[in-house]
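Examining the three-dimensional arrangement
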Amino acid sequence: MARPKIALIGAGQIGGTLAHLAAMRELGDVVLFDIVDGVPQGKALDIAESSPIGKFDAGVTGTSSYEAIAGADVCIVTAGVPRKPGMSRDDLLGINLKVMKSVGEGIAKHAPDAFVICITNPLDAMVWALRQFSGMPAEKVVGMAGVLDSGRFRYFLAEEFGVSVKDVNAFVLGGHGDTMVPLSRYSTVGGIPLPDLVEMGWTTQEKLDAIIQRTRDGGAEIVGLLKTGSAFYAPAASAIEMAEAYLKDQKRVLPCAAHVDGAYGLKGMYVGVPTVIGAGGVEKIIEIKLDRNDKTAFDKSVDAVKGLVEACKGIDPTLA
Ligand code: A3D
């Protein structure tokens, strides 16, 4: 049986890391695409040359031509620009919207059956635009944000409690931005919900609130340290988890920016919700019960995403 084909659209910081991870895990043959000629070819050759040492069998090639992604099973999109210190994700909207148009059209033409994972920011608006431009089925186009946001939340919680990251589960809903909604009630350590851990004296509500705020600001914290770009190791690891769930039909329960039409009272918009990812793409959207505070926070996040989508329509009238 032929290996799956994984196309990475954008060969920058995240694209290069994705290529390395996908090849090392032998998820399939990797094609790195970028408009800057030489960069995808150079990174691909470098990774391919590491394969005898890392002992992995995966073809890794670089290209600046969409023809090379033909028939890809998975496309992961990082094309565009990242933020610099002082910028919000929303400041990237104008530039990255144009990029989504060319990428959406390129994927639709050459890999129309692929499962498409968008990472480009501002995430919830860009994945919506990418799906509009590509015209692909909603369950096959998804945004990566929740796996990363909950990963950050889990890491901070594991540090606070001095326990293994493997035993910490966390839940984050809503848009990928300052309005994201980390849910304490659904986040657990060894199955024990966070509010119970506060009652048990493992931590205080103040410390938990600080961790939640640090999770919301997680992207900005890295941008502030790096100064020249944004996070790439954890974002790449998160998208690989989603790609693997699709390729291996794992039916993973993962928070993703999915097309929600009906659930949560929403009508045809992309926002972060718990999903089941398997061979059908987004096979299910899980509608959880929100208490009044969580619902208020979720509604605020949804409104922020709606504002960005309206801004996209203002810039490109074909989206209206
Ligand atoms: P960077 O290292 O700049 O890579 C982006 C690449 O896209 C560059 O190599 C560009 O040449 C390439 N590119 C630009 N235009 C096109 C085009 N039309 N077609 C193909 N390639 C193109 O950025 P990065 O890899 O650090 O980040 C990529 C994106 O991911 C940015 O928009 C970030 O803001 C975003 N990001 C999202 C998250 C989420 O959690 C959603 C996290 C971190 C970064």
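Further up the page is the structure itself.
The following refers to the structure shown. As the structure is a computational prediction, the values presented were derived from the model and not from experiment. (Residues numbered from 1 in each chain as written. Predicted model: local features only at pLDDT ≥ 70, side-chain atom pairs only at ≥ 80, totals over all residues. Heavy atoms only, no water.)

**Topic: the sheet that holds strand 9 (residues 192-193)**
Read across the sheet, three strands follow the order 7-8-9 without closing on themselves; strand pairing throughout is antiparallel. Both outer strands of the open sheet, strand 7 (168-173) and strand 9, are each paired with one neighbouring strand and no more. As judged from the five bridges shared by strand 7 and strand 8 (residues 181-189), these two strands associate in the antiparallel manner. Each bridged residue has a counterpart across the sheet, and for L173 the counterpart in strand 8 is V181. (Pairing = 2+ DSSP bridges. Helix = DSSP H or I, 4+ residues; strand = E, 2+ residues; numbered from the N terminus.)

**Describing the packing of helix 1 (residues 13-24) against helix 9 (residues 233-247)**
Where helix 1 contacts helix 9, the two axes come as close as 9 Å, and the packing angle between them is 50°. Judged on the interaxial angle alone, helix 9 and helix 1 are oblique. Here the hand of the crossing between helix 1 and helix 9 comes out right-handed. Residues I14, T17, L18, L21 and A22 of helix 1 pack against Y233, P235, A236, A237, A239 and I240 of helix 9. (Axes fitted to C-alpha atoms, helices over the stretch in contact; angles between N-to-C directions. Parallel < 35°, antiparallel > 145°, perpendicular 65-115°, else oblique. Left-handed = near helix turned anticlockwise from the far one by under 90°. Contact = heavy atoms within 4.5 Å.)

**As for the environment of S102**
Relative to the assigned elements, S102 resides in helix 3 (residues 93-110). Overall, the relative accessible area of 39% leaves S102 in the partly exposed class. Residues S102 and L130, spaced 28 residues apart in sequence, show a C-alpha to C-alpha distance of 9.1 Å. Polar side-chain contacts of S102 include one of 3.1 Å to the backbone oxygen of V99. (Buried < 20%, exposed > 50% of the residue type's maximum accessible area, 1.4 Å probe, protein only. Polar contact = N/O pair within 3.5 Å; in protein donor to acceptor, adjacent residues only side chain to side chain.)

**Here's the deal with the pairing of strand 10 (residues 252-260)**
Within a regular strand, the side chains alternate between the two sheet faces. Counting buried positions along strand 10 yields seven of nine residues, so the element is predominantly enclosed. Relative to strand 11 (residues 269-278), strand 10 is paired through nine bridges, and the arrangement is antiparallel. If you follow A258 over to strand 11, its bridge partner there is V271.

**Digging into the site of the ligand**
Close to the ligand lie 27 residues; Q13, I14, D34, V81 and I119 are nearest. At a separation of 3.3 Å, an oxygen atom of the ligand approaches a polar backbone atom of G80. Here the ligand has 870 Å² of accessible area as a free molecule, and 88% of this is covered by the chains. Residue assignment for the shell around the ligand shows that the elements contributing at least two residues are helix 1 and helix 3. Counting residues per element, the shell around the ligand draws most heavily on helix 3, at three residues. (Near = heavy atom within 4 Å. Areas by Shrake-Rupley, 256 points an atom, 1.4 Å probe, with all protein chains shown as cover.)

**A closer look at the nonpolar core**
Counting residues in hydrophobic clusters, the biggest one holds 92 residues, and the most contacted among them are I9, I107, I117 and Y264. Sort the elements by how many residues they give to this core and helix 4 (residues 123-134) lands first, with eight residues. Counting 15 residues, the second largest nonpolar core, distinct from the first, contains A158, F161, L208 and I212. (Core = buried A, V, L, I, M, F, W, Y, C linked by side-chain atoms within 4.5 Å.)

**Regarding a nonpolar patch on the surface**
A contiguous nonpolar patch, built from I35, V36 and V39 and spanning about 290 Å² of accessible area, is present on the exposed surface. Relative to the assigned elements, V39 resides in helix 2 (residues 39-54). (Patch = residues over 30% accessible without salt bridge, like charges linked within 9 Å, V, L, I, M, F, W, Y side chains within 5 Å. Salt bridge = Lys/Arg side-chain N within 4 Å of Asp/Glu carboxyl O.)

**Digging into the environment of V223**
Topologically, V223 is positioned in helix 8 (residues 218-226). Separated by 82 residues in the primary sequence, V223 and V305 have C-alpha atoms spaced 22 Å apart. Ignoring sequence-local partners within four residues, the contact set of V223 consists of R83, K84, P85, G229 and S230.

**Points about unusual backbone geometry**
Omega for the peptide link from N121 to P122 comes to -5°, which places this bond in the cis form. On the secondary structure map, P122 appears in the loop between strand 5 (115-118) and helix 4. At E26, a position not held by glycine, the phi torsion is positive, near 55°. The topology assignment puts E26 in the loop between helix 1 and strand 2 (29-33). Positive phi, normally seen in glycine, also occurs at K251, with a value near 55°.

**A look at the side chain of R89**
Within the secondary structure, R89 is located in the loop between strand 4 (74-77) and helix 3. One buried charge, R89, has no salt-bridge partner; the nearest side chain with opposite charge is D178, at 4.2 Å. Here H176 takes part through its side chain, which lies 3.2 Å from a polar atom of the side chain of R89. Ignoring any residue separated from it by four or fewer positions in sequence, one finds R89 in contact with R83, N121, P122, H176, G177, D178 and G219. (Lys, Arg positive; Asp, Glu negative; His and termini not counted.)

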